[in-house]
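# Commentary on secondary and tertiary structure
Each chain, written out:
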Amino acid sequence: MEPNAYDWDLFVIGAGSGGVRAARTAAASGARVAVAEDRYLGGTCVNVGCVPKKLYSYAAHFHDAFEDAEGFGWRQAQPPSFDWPTLRDNKIGEIKRLNGIYSRLLEGAGVRLINGRARVVDAHHVAVGDEVYSAEKILVAVGGWPWIPDFPGSELALSSNEVFDLASFPERFLVLGGGYIAVEFASIFNGLGSDTHLVYRGELFLRGFDREVREFTRDQMAEKGVGLRFETNVERIDKGENGLLVTLTDGQVLEVDAVLSATGRRPHLEGLGLDALGVERDASGYLRVNDRFETSAPSVLALGDVIGGPELTPVALAEAMHLVRCHYADTPPSAPLDYRNIATAVFCHPNIGTVGLSEEQAREQYGEIRVYSAEFRPMKHTLSGSSERCLMKLIVDDASDVVVGAHMVGEEAGEVIQGIAIAVKAGLTKADFDATVGIHPTGAEEFVTMRTPTRR
Ligand code: NDP
């Protein structure tokens, strides 16, 4: 079959961040593109991830804002109260609006949207319902799916897919896990007013992050009232008369209204037909791809959470654009996609922003390093009376003076680190940071005013 005899040049499975971006950019390059989606437009990020999470995080921050306001002279006639259905339903309205935008983006780009769960029939055919479509290339962009460990009563636990739309507000909330989702939701429900526990099997959450950042975040979250329980796990969940009874491996029993299992995500490949095609996976089940995002079946491409890189929307977007350049541009990229120095934020309260290496990684990679750090009470809290503190930290390779890591825990850390990330990505030196005049009075100016190493 000649390529032009296929129904489609590119058939994308999954209309999440990566799939939609690949579809639109490929179509803009002249390819004939279809996208199949069986659930919601925009994928995890728009529907049950980044977007609703950030909206809920804003909602939770008001808790502190009301308390902080008093020191600045504001008096409230009545204590503020929180109405969960208002937040939930306003969120639902906003997501619907975004779903519509995604639909119009695809339509505007000339991409055909097919509603339904797709199944790969062979290297060039995809079935959706009773229809079979031929395609020169098939892109698997199906993302991940929450995974809950198997223990007695695990079916009573929620995943991040359900937690946004609870019928009633959980006054007592328990999160299992110690990754991004666990710490973010512990902060959100704590801020919204739940009596919140976080249960994590390891000695300290956020494995892989800078140790000092993790310890500082632990202390700040505990100060805000999250009940942190490390080195324990959930053994079982039973239905009690007044709630769920959660038995921990250390023998304690907690009664709560909802349990969120934030115990990781797995590639969402069931029923997709890729195993019959012999498409290779790695030991964790992620699809293996080469630098051009081709799987072991070269006409089948894959990107995003299903290939097991950093599971972040901007990474899927970057992969999509790189993939399209590899397959549809006149001049393909000269180098593979660069995964170094990807900045990220964790929207726990206070937020974490981070780019580059942790102190531990830098010491291992470079040997001789300098660490500059500042831990302080933000100016706002001199009047608010809040005990919240802020941590900023730069890691410098001693030999080259290059800043190889920047970390912050504090208000709007993601916003601050996004700017710093450009400098780190560009390979700037500590001398370049020192030569930058600060903006006063801000917290972020600490990043250009730290002069004396805290340790070497
Ligand atoms: P993570 O993989 O980050 O964390 C999973 C957590 O669950 C870990 O703490 C892990 O413990 C624990 N865990 C795993 N298995 C078990 C088990 N059997 N019993 C008890 N605990 C267990 O996954 P998340 O679900 O938090 O998030 C998925 C991904 O989504 C993240 O990695 C991130 O890339 C992305 N994300 C990004 C966000 C952002 O950018 N702000 C926000 C939310 C998600 P251990 O550490 O011991 O392995």
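These numbers come from a predicted model, not from an experiment. (Residues numbered from 1 in each chain as written. Predicted model: local features only at pLDDT ≥ 70, side-chain atom pairs only at ≥ 80, totals over all residues. Heavy atoms only, no water.)

### Comments concerning the sheet that holds strand E18 (residues 352-356)
Spatial strand order, E17-E18-E21-E20-E19: five strands in an open sheet with antiparallel pairing. Each edge of the open sheet is held by one strand with a lone partner, namely strand E17 (344-346) and strand E19 (369-376). Adjacent strand axes in the sheet meet at a mean angle of 10°, parallel and antiparallel pairs treated alike. Relative to strand E21 (residues 403-409), strand E20 (residues 390-397) runs antiparallel, the two sharing six bridges. (Pairing = 2+ DSSP bridges. Helix = DSSP H or I, 4+ residues; strand = E, 2+ residues; numbered from the N terminus. Axes fitted to C-alpha atoms, helices over the stretch in contact; angles between N-to-C directions.)

### Focus on the side chain of Lys54
The residue Lys54 is located in helix H3 (residues 50-69) in this model. Within the buried core, Lys54 has no salt-bridge partner, and the shortest N-O distance to an opposite charge, that of Glu415, equals 4.2 Å. (Buried < 20%, exposed > 50% of the residue type's maximum accessible area, 1.4 Å probe, protein only. Lys, Arg positive; Asp, Glu negative; His and termini not counted. Salt bridge = Lys/Arg side-chain N within 4 Å of Asp/Glu carboxyl O.)

### Points about the packing of aromatic side chains
Scanning the entire structure with this criterion turns up 14 aromatic pairs. A centroid spacing of 5.7 Å and a plane angle of 70° characterise the contact between Tyr180 and Phe209, whose relative ring orientation is edge-to-face. Residue Tyr180 is located in helix H5 (residues 180-192), and its partner Phe209 is located in the loop between strand E9 (195-200) and helix H6 (211-223); the two are separated by 29 residues in the primary sequence. Each ring, one from Phe185 and one from Phe189, has its centre 6.3 Å from the other, and the planes form 25°; the classification is stacked. One end of the pair, Phe185, and the other, Phe189, are both in helix H5, four residues apart, so they sit about a helical turn from each other. (Phe/Tyr/Trp six-rings, centres within 6.5 Å; stacked < 30°, edge-to-face > 60°.)

### Considerations on the pairing of E9
For E9, a buried count of five out of six residues is recorded, marking the element as mostly surrounded by other parts of the structure. As defined by bridge partners, strand E8 (residues 172-176) adjoins E9 across five bridges and the pair is classed as parallel. Each residue of the ladder has a partner; that of Arg172, found in E9, is Asp195. In this sheet, strand E10 (residues 227-230) lies alongside E9 in parallel orientation, the contact comprising four bridges. By the bridge assignment for E10, Leu198 is matched with Leu228. In this region the chain leaves E9, passes through H6 and returns to the parallel neighbour E10; the handedness of that crossover is right-handed. (Right-handed = clockwise from strand over helix to strand, strands pointing away.)

### Considering the side chain of Ser358
Relative to the elements of secondary structure, Ser358 occurs in the loop between E18 and helix H8 (359-366). Residue Ser358 is classed as buried on the basis of its relative accessible area of 3%.

### Structural notes on unusual backbone geometry
Of note, the bond from His349 into Pro350 is cis; its omega dihedral lies within 30 degrees of zero at -5°. Examined against the element boundaries, Pro350 turns out to sit in the loop between E17 and E18. The omega torsion across His440 and Pro441 is -5°, close enough to zero to call that bond cis. By secondary structure assignment, the location of Pro441 is in the loop between helix H11 (430-434) and helix H12 (446-449).

### Description of the pattern of salt bridges
Where side chains of opposite charge bring their charged atoms close, a pairing between them can arise. Counted under the stated rule, the structure contains 31 salt bridges. Here Lys224 makes a salt bridge to Asp64, at a shortest N to O gap of 2.9 Å. Taken together, the positions of Lys224 in the loop between H6 and E10 and Asp64 in helix H3 put the pair 160 residues apart, joining distant regions of the chain. Two residues, Arg292 and Glu294, come together in a salt bridge whose shortest N-O distance is 3.0 Å. The class of Arg292 is partly exposed, set by a relative accessible area of 33%. Under the relative-accessibility criterion, Glu294 is labelled buried at 15%. When salt bridges with common partners are traced through the structure, they connect Asp210, Glu212, Glu359, Arg363, Lys393 and Arg455 into a single cluster.

### So, the sheet that holds strand E14 (residues 258-261)
In spatial order, the strands read E10-E9-E8-E14; together these four strands make up an open sheet with parallel pairing. Of all the strands in the sheet, the pair left with one neighbour each is E10 and E14. Going across the sheet, the axis of each strand differs from the next one's by a mean of 15°, ignoring polarity. Note: E8 against E14, four bridges, orientation parallel. Across the sheet, residue Leu174 finds its bridge partner in E14, namely Val259.

### Things to note about helix H10 (residues 413-425)
Under the 1.5 Å per step criterion, the end-to-end length of H10 is 17 Å for 13 residues, consistent within 8% with the ideal 18 Å. Residues of H10 that are buried include every one of Ala413, Gly414, Val416, Ile417, Ile420, Ala421, Ala423 and Val424, and no others. Buried residues along H10 sit in contact with E17, E18, E21, H11 and H12. Within two residues after H10, Gly427 carries a phi angle of roughly 75°, on the positive side. (Expected span 1.5 Å × (residues − 1). Contact = heavy atoms within 4.5 Å.)

### A closer look at the site of the ligand
Around the ligand lies a shell of 21 residues, among which Gly178, Glu184, Tyr200, Arg207 and Ala345 are the nearest. Within the backbone of Gly178, one N or O atom sits 2.9 Å away from an oxygen atom of the ligand. In the environment of the ligand, an oxygen atom lies 2.9 Å from a nitrogen or oxygen atom belonging to the side chain of Arg201. Ranked by residue count, the leading element in the shell around the ligand is H5, at three residues. (Near = heavy atom within 4 Å. Polar contact = N/O pair within 3.5 Å; in protein donor to acceptor, adjacent residues only side chain to side chain.)

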